[in-house]
Amino acid sequence: MSEGSAARGPSVRGVPEGDNRERMICAECGYILYDNPKIIVGSVARLDDRILLVRRSIEPRLGFWSLPAGFLELNESSNAGAEREAWEEAQARIEIEGLLAIYDIPRISQVQLIYRARLLDDNIAPGPESLEVGLFRWSEIPWEELSFPSVRWALQHEREAQTTRDFTTRLNPPGA
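If you're wondering where the values come from, they're calculated on a predicted model, not measured in any experiment.

K.L.:
Where do I start with the nonpolar core in this structure?
P.N.:
Formed by 18 residues in total, the largest nonpolar core has its most connected members in Val44, Leu67, Ile141, Leu146 and Leu155. Sorting elements by how many residues they give to this core places helix H2 (residues 149-164) first, with five residues. Among residues more than four places away in sequence, those in contact with Leu67 are Ser43, Val44, Leu52, Leu53, Val54, Glu89, Ile114, Val151, Ala154 and Leu155. With 12 residues, the next largest nonpolar core counts Val54, Ala90, Ala92 and Leu119 among its residues.

Here it is as C-alpha cells:
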C-alpha cells in the first residue's frame, strides 16, 4: 500500500457468489462482511423475594431501570457474560441457576439470553453504567420506569417460573 492510500474494506453492497442475501463486500479483495446480530446477556438476580435492578447512566434509556445486562464479549461464555454484567453494573456477585429466556428482537438485530440467578449477598453498588442500584420486591418494581419491553418480559417470566416451579426456557411473549 502506498503512502497516503488507505484500506477501503467492505464498501460495496452485493450478493456474494453462493449466498442468498446482500452483504458488504470489499471491492478490492472480495472480503465479505458478515454483519450478524448482537448477543445480549443478562440476569434476573434474586435475593430472597427481592430482584436486582440498575438505573441506567447511559443511552439508550438513560435514567430508566433495567436488569444488569449487556453485550457478550468475544471468547466469553454466555453465563460468564451475565455474571460479568452483574458485576460491572451493580458490583453484584451472582450464581447462575439456569436460562430463563431467549428473546429475539430482529428490529435491532439482537438475541437476548436472560438467566435466572441468585444474588450471593446484598453488597451492591452502582458501576460505571449505573446511576443507582436497588433490590425490589414485586410490588416495589418501578414498572413505569423500566427501560425496555424485554425487561418487563423477563421479570414476568421469572415470577411465573418461581410461582409454577416450571423452569423451562421462555421465549418472546405472543405478539411481541
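K.L.:
Sorry if this is basic, but what is going on with the sheet that holds strand E3 (residues 32-33) here?
P.N.:
Backbone-to-backbone hydrogen bonds join strands into a sheet, with any given pair of strands oriented parallel or antiparallel. Taking strand neighbours across the sheet as the criterion, the three strands line up as E1-E2-E3 in an open arrangement whose pairing is antiparallel. Each of the sheet's edge strands pairs with one partner strand only, and the pair in question is strand E1 (10-14) and E3. Inspection of the sheet shows E1 paired to strand E2 (residues 23-26) by four bridges, in the antiparallel sense. Of the residues in E2, the one forming a bridge with Pro10 is Cys26.

K.L.:
Explain the layout of surface pockets to me, please; I cannot follow it from the model alone.
P.N.:
Here the idea is plain: a probe the size of a water molecule rolls over the atoms and shows the empty space left. Size it by volume and the largest pocket reaches roughly 650 Å³. What lines the largest pocket is a set of 33 residues, among which Ile40, Arg56, Gln110, Gln112 and Phe148 lie closest to the centre. Broken down by secondary-structure element, the contributors of at least two residues to the lining of the largest pocket are strand E5 (50-56), strand E7 (69-71), helix H1 (78-90), strand E8 (94-105), strand E9 (110-119) and H2. Considering only residue class, the lining of the largest pocket consists of 16 nonpolar, eight polar and nine charged. Here the second largest pocket is characterised by a volume of approximately 170 Å³. If you go around the second largest pocket, the residues you meet are Arg46, Asp48, Asp49, Arg50, Ile51, Trp138, Glu158, Arg159 and Gln162. If you list the elements that add at least two residues to the lining of the second largest pocket, you get E5 and H2.

How each quantity is defined
Residues numbered from 1 in each chain as written. Predicted model: local features only at pLDDT ≥ 70, side-chain atom pairs only at ≥ 80, totals over all residues. Heavy atoms only, no water. Core = buried A, V, L, I, M, F, W, Y, C linked by side-chain atoms within 4.5 Å. Buried < 20%, exposed > 50% of the residue type's maximum accessible area, 1.4 Å probe, protein only. Helix = DSSP H or I, 4+ residues; strand = E, 2+ residues; numbered from the N terminus. Contact = heavy atoms within 4.5 Å. Pairing = 2+ DSSP bridges. 1 Å grid on protein atoms, 1.4 Å probe; cavity = no way out; pocket = protein on both sides within 12 Å on 5 of 7 lines; lining within 4 Å. Points joined across faces, edges and corners; volume = space filled by probe spheres on them. Nonpolar A, V, L, I, M, F, W, Y, C, P; charged D, E, K, R; others polar.

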